[in-house]
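Residue strings, one per chain:
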Amino acid sequence: MVKCSRCKKPAFTKLARHNASFCEECFELFFSRQVNEAIKKYRMFHKTEPVLLGVSGGKDSMSLWHYLHRSGYQVVGIHFDLGIGEYSYLSRKIAEDFAQSYALPLQIIALSETIGYSIPQIAQRIRHRSPCSLCGSIKRYLLNQFAFSNHFTVYATGHNLDDETATLLGNVLHWQTDYLAHQNPSLPSPHPKMPRKVKPFYSLTEEEISLYARIKEIPFITEPCPLSKKAKSLNYKEALNLLEKYSPGTKHNFFFGFLEKASQLFSSHGEVVLKGCEICGMPTTQKTCSFCKIMQKVHERKDDHVHSRTE
Ligand code: FES
Ligand code: ZN
């Protein structure tokens, strides 16, 4: 029988990248240490600071919500209802039910109500950009706006080591040096209207977070977003999983090696200047922010529809 590397009781899991086996109790200890160390090392937040947490309904954000709440942090969940059929209905329900059963504050931002359109409706009107990239821009914008008007200074997400290595691989393959400069578990606020962004799960793998969710019986949506099926990051994850299978620790070394040895090489390029969008006043590098550009196009297309119907 495989024994726990720490206490010698029967093990329930083996973590190849750490070359260790754990019983349930010791796994939890390992898990807590990873998260606490991440929070401390990158000075992400402290217990008296309200943390806004992006809750998608997936295992990572739900587990992070559970963990932070249980550890005594002041967390407010924010969930975007994107209007993507059954997927959005289920993920919203999971977030709402969880908030209710633990009496946790949760802010729902339903796109159809807030901006008048769901993601599929926007994607139908703007075809030259992928739905995922439109969705990302819109969520980022609404998030910054909510955080600013409600005085949140820090925003946390459930991104894990698999997400970070996949992003890193994509950024390296395309030599996206600007993105490489901003790939960090903790990003300072670039503007008073934007919170700093932190990823307390950056050192944990998907597998480890799934184990935590299972032990704690945390509900989550297992289906991926139906619009993200073609996302390149899924191919990168697959490639990295293959490498990890033959050489456990590959992802860890790739990402931690980047943070320790390479990330600073990309940080020194000229600072970006953020000014107020001429339409909405939110920070942007251009005259008009990307959200306002999207909405302008959506409205133009709406007019197109009206004209073609009345002609
Ligand atoms: Fe945004 Fe799928 S979650 S497009
Ligand atoms: Zn704007």
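Look above for the structure.
## Here's the deal with the overall build of the protein
Next up, step 1: Across its full length, the protein carries twelve helices and ten strands.
Next up, step 2: Whereas a compact globule of 311 residues would reach a radius of gyration of roughly 19 Å, the protein reaches 21 Å, a difference of no more than 12%.
Next up, step 3: Projected onto the principal axes, the alpha-carbon positions of the protein cover approximately 75 × 45 × 40 Å.
Next up, step 4: Excluding contacts between residues fewer than 6 apart, the proportion of contacts in the protein whose partners are at least 24 apart in sequence is 69%.
Next up, step 5: Only carbon and sulfur atoms are counted for the fraction: they give 52% of the accessible area of the protein, which is about 16900 Å².

## Here we look at the environment of I109
Next up, step 1: With respect to the secondary-structure elements, I109 resides in strand 5 (residues 106–110).
Next up, step 2: Sequence separation between I109 and F146 is 37 residues; the distance between their C-alpha atoms is 9.3 Å.

## Some details on the packing of helix 1 (residues 24–41) against helix 9 (residues 206–215)
Next up, step 1: The geometry of helix 1 relative to helix 9 is characterised by a closest axis approach of 11 Å and an angle of 125 degrees between their N-to-C directions. Relative to helix 9, the element helix 1 is oriented oblique. Of the two elements, helix 1 crosses helix 9, and the hand of that crossing is left-handed. Of the residues in helix 9, those in contact with E24, F27, E28, F30 and F31 of helix 1 are E208, I209, L211, Y212 and I215.
Next up, step 2: Looking at the contact of helix 1 with helix 9, its residues break down into seven nonpolar, no polar and three charged.

## Describing the coordination of the zinc ion (ligand 2)
Next up, step 1: Around the zinc ion (ligand 2), the donor atoms from the protein are C277 (SG), C280 (SG), C289 (SG) and C292 (SG), and they sit 2.3 to 2.4 Å away.
Next up, step 2: Here the zinc ion (ligand 2) is ringed by four donor atoms whose angles at the metal span 104 to 116 degrees, and the overall shape comes out tetrahedral.
Next up, step 3: By relative accessible area, which is 30% here, C280 ends up partly exposed.

## A few points about the pairing of strand 5
Next up, step 1: Pairing geometry for strand 4 (residues 75–81) and strand 5, over five bridges, is parallel. Each bridged residue has a counterpart across the sheet, and for H79 the counterpart in strand 5 is I108.
Next up, step 2: Crossover handedness for the path strand 4 to helix 3 (residues 85–102) to strand 5: right-handed.

## Notes on the packing of aromatic side chains
Next up, step 1: Enumeration according to the criterion identifies 18 aromatic pairs in this entry.
Next up, step 2: Aromatic side chains F255 and F256 sit 6.3 Å apart centroid to centroid with 90 degrees between the ring planes, which places their arrangement in the edge-to-face category. This pair shows no difference in class: F255 is buried, exactly as F256 is.
Next up, step 3: An aromatic cluster is built from F12, F22, F27, F30, F31, Y67, F201 and Y212, whose rings are joined through pairwise contacts.
Next up, step 4: Geometry around Y73 places K47 over its ring, the cationic atom sitting 5.2 Å from the centre.

What counts and how
- Residues numbered from 1 in each chain as written.
- Chains lettered and ligands numbered in written order.
- Predicted model: local features only at pLDDT ≥ 70, side-chain atom pairs only at ≥ 80, totals over all residues.
- Heavy atoms only, no water.
- Helix = DSSP H or I, 4+ residues; strand = E, 2+ residues; numbered from the N terminus.
- Rg over C-alpha atoms; globule rule 2.2 N^0.38 Å.
- Contact = heavy atoms within 4.5 Å.
- Areas by Shrake-Rupley, 256 points an atom, 1.4 Å probe, with all protein chains shown as cover.
- Axes fitted to C-alpha atoms, helices over the stretch in contact; angles between N-to-C directions.
- Parallel < 35°, antiparallel > 145°, perpendicular 65-115°, else oblique.
- Left-handed = near helix turned anticlockwise from the far one by under 90°.
- Nonpolar A, V, L, I, M, F, W, Y, C, P; charged D, E, K, R; others polar.
- Donors = N, O, S within 2.8 Å, 3.2 Å for Na, K, Ca; no water.
- Tetrahedral: all angles 85-135°; square planar, octahedral: opposite > 155°, others 65-115°.
- Buried < 20%, exposed > 50% of the residue type's maximum accessible area, 1.4 Å probe, protein only.
- Pairing = 2+ DSSP bridges.
- Right-handed = clockwise from strand over helix to strand, strands pointing away.
- Phe/Tyr/Trp six-rings, centres within 6.5 Å; stacked < 30°, edge-to-face > 60°.
- Lys NZ or Arg CZ within 6 Å of the ring centre and 35° of its normal.

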